[in-house]
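Structural overview
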Amino acid sequence: MKPSKKPILMILCMLLFSAVLGIWIHTSGFAVLQNGGPAYLQNSQNKYDLMHQTDANAYTMEIDLTDLESNIGKRLWEDGEQYMEIALIDGNEQKYGGYRIFFRSHGIYDLSGGRLNSGIKHIRLGENSNTSELTAKLITTYNGVSYESNRQGQTGLNWHDGDMFGFYLFPDEAYDDGIPLENAGKVTITLYNLTEHTWTRK
């Protein structure tokens, strides 16, 4: 009886499948995803150029401080590919800053490069060396009075598609003027001076 050729064919098919899978991983955005998304693009200075541009738009929406959880996930803006949403909103005692709001930026990327519109400007200092600056500004309007919100904090490119940054909705003097720390009702926020990042392959 002649030995079966099926085991050899199966091995060849498996090798061919592995080769095709490897090519797909290399040519698709999956490889970038596995290496950290925009953080990979930002750190690969020998492979990708970076350009910054200030977003001239201002983005306005109404939020409800009586029902804080209802605001989470609301999108401040989107363009069909990128978007920015409210990731967290909470309230503290005045001595801890009162109401806080945090935004999550979601960008797009693949092996050809990527784009991210964020309140944070991610800056290259040198090979594998970066810094960042919170460029965004927030105005909160309550009962017809507008307040410039103080910056609370920011992250690096910690997520596979973006970052996060936050503000204290009101300055301390606003609470002295009578804004309640609970059930403050609806307010209008306007976010502006975002930074657009564009990474392109060299």
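Everything below is about the structure shown above.
This part covers the overall build of the chain. Along its length, the chain carries four helices and 15 strands. Considering only contacts within the chain whose residues lie at least 6 apart along the sequence, 67% involve residues at least 24 apart. For the chain, the exposed surface amounts to about 11300 Å²; the carbon and sulfur share of it is 53%.

You can see Ile 120 is positioned in strand 8 (residues 120-126). Accessibility expressed as a relative area gives 0% for Ile 120, which makes it buried. In the structure, Ile 120 is positioned 15 residues away from Thr 135 in sequence and 5.7 Å away in space, judged by C-alpha atoms. When near neighbours in sequence (up to four residues on either side) are disregarded, Ile 120 contacts Ser 132, Glu 133, Leu 134, Gln 154, Thr 155, Asp 163, Met 164, Phe 165, Thr 195 and His 197.

With that settled, consider the sheet that holds strand 6 (residues 108-110). Either a parallel or an antiparallel arrangement is found when strands of a sheet pair, and the pairing is made through backbone hydrogen bonds. Taken together, four strands build an open sheet; the order of strands is 1-15-7-6 and the sheet is antiparallel. Looking along the sheet, the strands with just one partner apiece sit at the ends: strand 1 (48-54) and strand 6. On average, each strand axis in the sheet is inclined to that of its neighbour by 15°, with strand direction left out of account.

Looking now at the sheet that holds strand 2 (residues 58-64). The antiparallel open sheet is built from four strands, whose spatial order is 2-14-10-11. Among the strands making up the open sheet, the edge pair consists of strand 2 and strand 11 (145-148). Put simply, the sheet's adjacent strands are angled 25° from each other on average, direction ignored. The pairing of strand 10 (residues 137-142) with strand 14 (residues 186-192) spans five bridges and is antiparallel. Bridged to Leu 138 within strand 14 is Leu 191.

Let us now look at the nonpolar core. Counting 30 residues, the largest nonpolar core has Ile 63, Ile 101, Phe 103, Phe 165, Leu 169, Phe 170 and Leu 191 as the members making the most contacts within it. Listed by contribution, the elements that provide at least two residues to this core are strand 2, strand 3 (75-78), strand 4 (83-90), strand 5 (100-106), strand 10, strand 13 (162-168), helix 4 (172-176) and strand 14. With sequence-adjacent residues up to four places away left out, Phe 170 is seen in contact with Leu 65, Gly 97, Tyr 99, Thr 140, Tyr 142, Tyr 147, Tyr 175, Ile 179 and Val 187. Core analysis: the second largest hydrophobic core is formed by nine residues, Ala 39, Tyr 48, Tyr 109 and Leu 116 among them.

Structurally, Asp 79 is set in the loop between strand 3 and strand 4. A distance of 2.9 Å separates the side chain of Asp 79 from the backbone nitrogen of Glu 81, its partner in a polar contact.

So, on to the packing of aromatic side chains. By the definition in use, this model includes eight aromatic pairs. Geometrically, the ring pair formed by Tyr 40 and Tyr 48 is edge-to-face, given 6.4 Å between the ring centres and 70° between the ring planes. In this pair, the class of Tyr 40 matches that of Tyr 48, namely buried. Here Tyr 147 and Phe 170 contribute two aromatic rings whose centre-to-centre distance is 5.7 Å and whose plane-to-plane angle is 85°, an arrangement assigned as edge-to-face. One end of the pair, Tyr 147, is in strand 11; the other, Phe 170, is in the loop between strand 13 and helix 4, with 23 residues separating them in the sequence. Each member of the pair, Tyr 147 as well as Phe 170, carries the same accessibility label: buried. The rings of Tyr 99, Tyr 142, Tyr 147, Phe 170 and Tyr 175 are connected pair by pair, giving a single aromatic cluster.

Rules used in this analysis
Residues numbered from 1 in each chain as written. Predicted model: local features only at pLDDT ≥ 70, side-chain atom pairs only at ≥ 80, totals over all residues. Heavy atoms only, no water. Helix = DSSP H or I, 4+ residues; strand = E, 2+ residues; numbered from the N terminus. Contact = heavy atoms within 4.5 Å. Areas by Shrake-Rupley, 256 points an atom, 1.4 Å probe, with all protein chains shown as cover. Buried < 20%, exposed > 50% of the residue type's maximum accessible area, 1.4 Å probe, protein only. Pairing = 2+ DSSP bridges. Axes fitted to C-alpha atoms, helices over the stretch in contact; angles between N-to-C directions. Core = buried A, V, L, I, M, F, W, Y, C linked by side-chain atoms within 4.5 Å. Polar contact = N/O pair within 3.5 Å; in protein donor to acceptor, adjacent residues only side chain to side chain. Phe/Tyr/Trp six-rings, centres within 6.5 Å; stacked < 30°, edge-to-face > 60°.

These values are about where atoms sit, not about what they do.
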